[in-house]
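Observations on chain architecture
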Number of protein chains: 2
Amino acid sequence: MLTIGTLAKRTGTKVQTIRYYEQIGLLPEPGRSAGGQRRYGDSELDRLSFVRHARQLGFSLDAIRELLDLSDHPDKSCAEADAIARRQLKQVEQRLARLEALRTELKRMVHECSGGQTSDCRVLEVLRDHSECLTEHEEIGA
Amino acid sequence: MLTIGTLAKRTGTKVQTIRYYEQIGLLPEPGRSAGGQRRYGDSELDRLSFVRHARQLGFSLDAIRELLDLSDHPDKSCAEADAIARRQLKQVEQRLARLEALRTELKRMVHECSGGQTSDCRVLEVLRDHSECLTEHEEIGA
DNA sequence: TTTACACCCTCTAGCTACTGTAGGTTCAAG
DNA sequence: CTTGAACCTACAGTAGCTAGAGGGTGTAAA
C-alpha cells in the first residue's frame, strides 16, 4: 500500500494534483487508513501513470477521461481511441505551424534590431505596425 | 471618437477583453460620454493594436507591459526590448522542440493502431507504458 | 415624442489544469 | 512518549480571457 506522497514520487506528480484528479473524478476515491489517510494500490498507480503520460503528450483532461473509459472496456472498438489520438495529432500539427510562423517573425525582429534607442527599435516598430509582418498570425501563438 | 464596440471591431478584440485590459492597467482609463460610456481616440487605438499584435506573437501581458513602457520612452536604450524579444524567441523555439517530439510520438501511436478492439489498441498501450516511447517528453506539451 | 433596439454599463462567476497556503491531524521512528 | 515529516480539508490564486445577469444609454424611425 502506498501513501499519497509515495504515489506522487513514483509518478512524478504533486500530491495536490493527485487530490485534484480525485476531486474531478479522474481517479477513483482510494481506501483510507484508520486515521483517514489515503492508501493506494497498484491499479491506482497504473491509472495515474496513464493519466500523466497522456498529459505529457498534451491530451486534455477530458480526452483522458474518454481514453480511460475506453481502456476500462477492452471489448469496445479501438476506433474511438484512434480518433482521439488523431485529433490530438492534428492539434499538435496546427500549433507547430503557428509557432513556426511566430519564430520566423520574432527572428526577423531580433535580427533587424541595431541596438540604438527605442525610438528606432525594430522590435517596437514591428509591434506597432502589423503590415511589417511577412507572415499571417491571426491566432494567438500557443 | 470611437465607442468600445467600434474599437473592438477595428482591433479584432472582444469588448470584454478591452475592459479587462483597462482593469489590469494595460490600457489607460478612457474618457466617457455624458451617460458614462467609454469613448476612445486614435492613441488608444494604436496602443490596443500594439497589445493585440504582441499577443499574437505570444508575448505575455507582463512582457507587453514592459514593451509598452519602453515604447513610451523613445530615449531609452533599445537593449531591453531586444532582450524581451529574444526571450520570447527562445521560448517559442523550446516549445517547437517539445511539440515536434510529441508529433513524432503521436504519429507513431496512430500509425501502429490496426483498428481492432481496445484490448490491443496501440494508442492505449503506449499510454499505459511509457517505456514504449522513443522520445523523452517530461514536460507537458504545450 | 415615444418607442424600439442595439449597444453600453458594472459585477460576478467560470474556464483549464493545476499550485499554494492556513490550520490542524496522523504516522512511524527513536 | 515525543518529535517531526507527512498527511488532512478547505479555500484562494495563477493567465488571459469569456459569459451571463440585470440594468442604463444612444439614436433613428414612426
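The rules we used
Residues numbered from 1 in each chain as written. Chains lettered and ligands numbered in written order. Predicted model: local features only at pLDDT ≥ 70, side-chain atom pairs only at ≥ 80, totals over all residues. Heavy atoms only, no water. Contact = heavy atoms within 4.5 Å. Salt bridge = Lys/Arg side-chain N within 4 Å of Asp/Glu carboxyl O. Polar contact = N/O pair within 3.5 Å; in protein donor to acceptor, adjacent residues only side chain to side chain. Helix = DSSP H or I, 4+ residues; strand = E, 2+ residues; numbered from the N terminus. Nonpolar A, V, L, I, M, F, W, Y, C, P; charged D, E, K, R; others polar. Near = heavy atom within 4 Å. Phe/Tyr/Trp six-rings, centres within 6.5 Å; stacked < 30°, edge-to-face > 60°. Buried < 20%, exposed > 50% of the residue type's maximum accessible area, 1.4 Å probe, protein only. UniProt positions renumbered as here; feature names shortened; annotations may be inferred.

**What to know about the interface of chain A and chain B**
Each partner contributes to the interface: chain A provides 58 residues, whereas chain B provides 57 residues. Our count for the contact surface shared by chain A and chain B stands at 0 salt bridges. Joining chain A to chain B, the criterion identifies 9 residue pairs in polar contact (both at pLDDT 80 or more). Looking at the side of chain A that touches chain B element by element, the count peaks at 19 residues for helix 5 (residues 79-112) of chain A. The residue inventory of the side of chain A that touches chain B, partitioned by class, reads 27 nonpolar, 16 polar and 15 charged.

**What to know about the protein's contact with DNA strand D**
Taken together, 22 residues are adjacent to DNA strand D, and Gly-5, Arg-19 and Arg-38 of chain A together with Ser-33 and Arg-55 of chain B come closest. A breakdown of the atoms of DNA strand D within 4 Å of the protein gives sugar and phosphate a share of 83%. A distance of 2.8 Å separates a phosphate oxygen of DNA strand D from a polar atom in the backbone of Arg-38 of chain A. A distance of 3.2 Å is found between a phosphate oxygen of DNA strand D and a backbone nitrogen or oxygen belonging to Gly-35 of chain B. When contributions to the surface near DNA strand D are tallied by element, the ones reaching two or more residues are helix 1 (4-11) of chain A together with helix 2 (15-23) and helix 3 (42-56) of chain B. Counted by class, the surface near DNA strand D contains 5 nonpolar, 10 polar and 7 charged residues.

**With respect to the packing of aromatic side chains**
Residue and element names in this part refer to chain A. With the rule as written, the count across this model stands at 2 aromatic pairs over all chains. With a centroid separation of 6.0 Å and an interplanar angle of 45 degrees, the aromatic rings of Tyr-20 and Tyr-21 are classed as tilted. Taking the relative accessible area as the measure of exposure, Tyr-20 reaches 40% and is therefore partly exposed. Classification of Tyr-21 as buried rests on a relative accessible area of 3%.

**Some thoughts on the UniProt feature "coiled-coil region" (unreviewed entry) in chain A**
Look at the UniProt record and you will see "coiled-coil region" (unreviewed entry) annotated at residues 82-112 of chain A. In the segment residues 82-112 of chain A, helix accounts for 100% and strand for 0%; the C-alpha atoms at its two ends are 45 Å apart.

**Re the protein's contact with DNA strand C**
Around DNA strand C lies a shell of 22 residues, among which Ser-33 and Arg-55 of chain A together with Gly-5, Arg-19 and Arg-38 of chain B are the nearest. Considering the 4 Å shell around the protein, atoms of DNA strand C inside it are sugar or phosphate in 83% of instances. Within the side chain of Thr-17 of chain A, a nitrogen or oxygen atom sits 3.1 Å from a phosphate oxygen of DNA strand C. Separating a phosphate oxygen of DNA strand C from a side-chain N or O atom of Ser-33 of chain A is a distance of 2.7 Å. Ranked by residues supplied to the surface near DNA strand C, first place goes to helix 2 (residues 15-23) of chain A with 4 residues. The class makeup of the residues in the surface near DNA strand C is 5 nonpolar, 10 polar and 7 charged.

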